[in-house]
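# What the coordinates show
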Amino acid sequence: FTPLIPILFERCHVHQMGTTVDYRLRHSGEQSTTYFLGQNDGRNRFSSLFELFTGGFPVGKAKLNVRGRSLMLSRAAPSKRIAYVTFEELCGDPLSPADYRALCHSYHTCFLSELPKLDVLLDRNEMRRLTNFVDAAYEARVKLVVLAEAQPNKLFHSNGVFSGEAGWPKTEEAFASERTVSRLIEMQSREYLQEPWNPQDE
């Protein structure tokens, strides 16, 4: 194939497709109230929203079957298809992409609490699990409500540098974190929230 490349350049019109625009952020100016900081009244507003969404329906433990094994959720309202998970529950245990897909294919709304700042090198495993979860939620158009230590663009850091800033490392984990940041921002937009839940069978 390699000898063909210069022939293609010689005989075809070449169009540069690269861009510095992240189109997932094009609606970032229309932020909703689905992302709260764990300070001031953010925690109270987060809890109040969960109570509002569940609307008095039973909330308790729930179990998902994932390829012959069980994924336990400490808080969920299955009849309303709303789940509540902490960061430790979601990313502290060695869950797989299949676990996150099962969660997002069973619940159209997920409340994620206690999301901390993460070092892309020291917290590599937790960061990868968070990325896998956000990817699964994004693809299924799950509505994500977050209680976090910082805004999305200040969640991931390395040696004092935050995601997307000058000096940000060009590693696989760093690239994945940039995608996660932009998706978290897009998932707050009015356009995203108006899209229907779209779980896909595996």
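Numbers given to residues run from 1 along each chain, matching the order in which its sequence is written. Per-residue local features are limited, in this predicted model, to residues with pLDDT of at least 70; the limit for side-chain atom pairs, both in listing and counting, is 80 or more; totals at the level of whole chains, interfaces and linings are taken over all residues. Excluded from the side-chain calculations are hydrogens and water; all other atoms, namely the structure's heavy atoms, are used.

### Observations concerning the overall build of the protein chain
Within the protein chain, the regular secondary structure consists of seven helices and nine strands. Throughout, exposure labels follow a simple rule: accessible area from a 1.4 Å probe, protein chains only, divided by the maximum for the residue type, with under 20% read as buried, over 50% as exposed, and the rest as partly exposed. Within the protein chain, the proportion of its 202 residues that are buried is 41%. A separation of at least 24 residues holds for 74% of the contacts in the protein chain among residues at least 6 apart in sequence. In the form shown here, the protein chain has an accessible surface area of approximately 11600 Å², with 52% of it arising from carbon and sulfur atoms. The helix and strand labels rest on DSSP assignments: H or I over at least four residues marks a helix, E over at least two residues marks a strand, and numbering proceeds from the N terminus. Whether two residues are in contact is decided by their heavy atoms: any pair within 4.5 Å suffices. To measure how exposed things are, a 1.4 Å probe is used in the Shrake-Rupley method; for residues, cover is taken only from the protein chains shown.

### What to know about the sheet that holds strand 9 (residues 161–162)
Strand pairing is assigned whenever DSSP detects at least two bridges linking the two strands. Taken in spatial order, the three strands make up an open sheet running 6-8-9, and their pairing is mixed. Across the chains shown, the open sheet's two edge strands, defined by having one partner strand only, are strand 6 (118–119) and strand 9. Direction of pairing for strand 6 relative to strand 8 (residues 156–158): parallel, over a ladder of two bridges. Paired with L118 across the bridge in strand 8 is F156.

### Describing the confidence of the model for the protein chain
The quantity known as pLDDT measures the predictor's confidence residue by residue, on a range of 0 to 100. Here the protein chain shows a mean pLDDT of 86. Residues at 70 or above account for 90%. Confidence scores differ between elements of the protein chain, with helix 1 (residues 4–11) showing the lowest mean pLDDT of 81 and strand 5 (residues 109–115) the highest of 96. The low-confidence segment residues 19–31 (pLDDT under 50) makes 17 contacts with residues lying over four places distant or belonging to another chain.

### So, empty space enclosed by the protein
For each structure, a 1 Å grid was placed over the protein atoms alone; sets of points admitting a 1.4 Å probe that cannot get out are labelled cavities, open sets with protein on both sides within 12 Å along at least five of seven lines are labelled pockets, and lining residues have an atom within 4 Å of a point. Grid points are joined across faces, edges and corners, and a volume is the space filled by probe spheres set on the points. Scanning the model with the defined rule gives one cavity of 30 Å³ or more in all. Counted as a void, the largest cavity has a volume near 40 Å³. In terms of lining, the largest cavity is formed by T34, Y35, L144, V146, L184, M187 and Q188. Residues of the lining of the largest cavity, tallied by class, amount to five nonpolar, two polar and no charged. Amino acids outside the nonpolar list (Ala, Val, Leu, Ile, Met, Phe, Trp, Tyr, Cys, Pro) and the charged list (Asp, Glu, Lys, Arg) are all regarded as polar, and Gly is one of them.

### With respect to the sheet that holds strand 2 (residues 60–66)
Spatially, the six strands line up as an open sheet ordered 1-7-5-4-3-2, and their pairing is mixed. What marks the edges here is a single partner per strand, and that holds for strand 1 (35–37) and strand 2. Strand after strand, the sheet turns through a mean of 30 degrees between neighbouring axes, direction not considered. Where strand 3 (residues 69–77) and strand 4 (residues 82–86) come together, three bridges link them in antiparallel fashion. Considered in strand 4, the bridge of A77 is made with I82. Angular values range over 0 to 180 degrees, each being the angle between N-to-C directions of two axes fitted as lines to C-alpha atoms, with helices fitted over their stretch in contact. The strands touched by helix 2 (residues 42–54) within the sheet are strand 1, strand 3, strand 4, strand 5 and strand 7 (143–148), with strand 5 carrying the most contacts at an inclination of about 160 degrees.

### Considerations on the packing of helix 5 (residues 124–139) against helix 6 (residues 172–186)
Two measures define how a pair of helices packs: the angle their axes make with one another and the distance between the axes. Where helix 5 meets helix 6, the axes come as close as 10 Å, and the angle between the chain directions of the two elements is 40 degrees. Accordingly, the angle class assigned to the pair helix 5 and helix 6 is oblique. Relative to helix 6, helix 5 is oriented so that their crossing is left-handed. On the side of helix 5, the interface is formed by R124, M127, R128, T131, V134, D135, Y138 and E139, while helix 6 contributes E173, A176, S177, R179, T180, R183, L184 and E186. The scheme is simple: roughly parallel for angles under 35 degrees, roughly antiparallel for over 145, roughly perpendicular for 65 to 115, oblique for anything else. We call a crossing left-handed when the near helix sits turned anticlockwise from the far one by less than a right angle, and right-handed when that turn is clockwise.

### Examining the nonpolar core
Counting 46 residues, the largest nonpolar core has L73, L103, Y107, L115, F133 and F156 as its most contacted members. Considering each element in turn, this core owes the most residues, seven residues, to helix 5. Not counting the four nearest positions on each side in its chain, L103 is found in contact with L64, L73, A83, L90, C110 and F133. Residues belong to a common nonpolar core when they are buried Ala, Val, Leu, Ile, Met, Phe, Trp, Tyr or Cys residues joined through side-chain atoms within 4.5 Å. In terms of nonpolar packing, the next biggest core, distinct from the first, is built from nine residues, F50, I82, Y84 and L147 among them.

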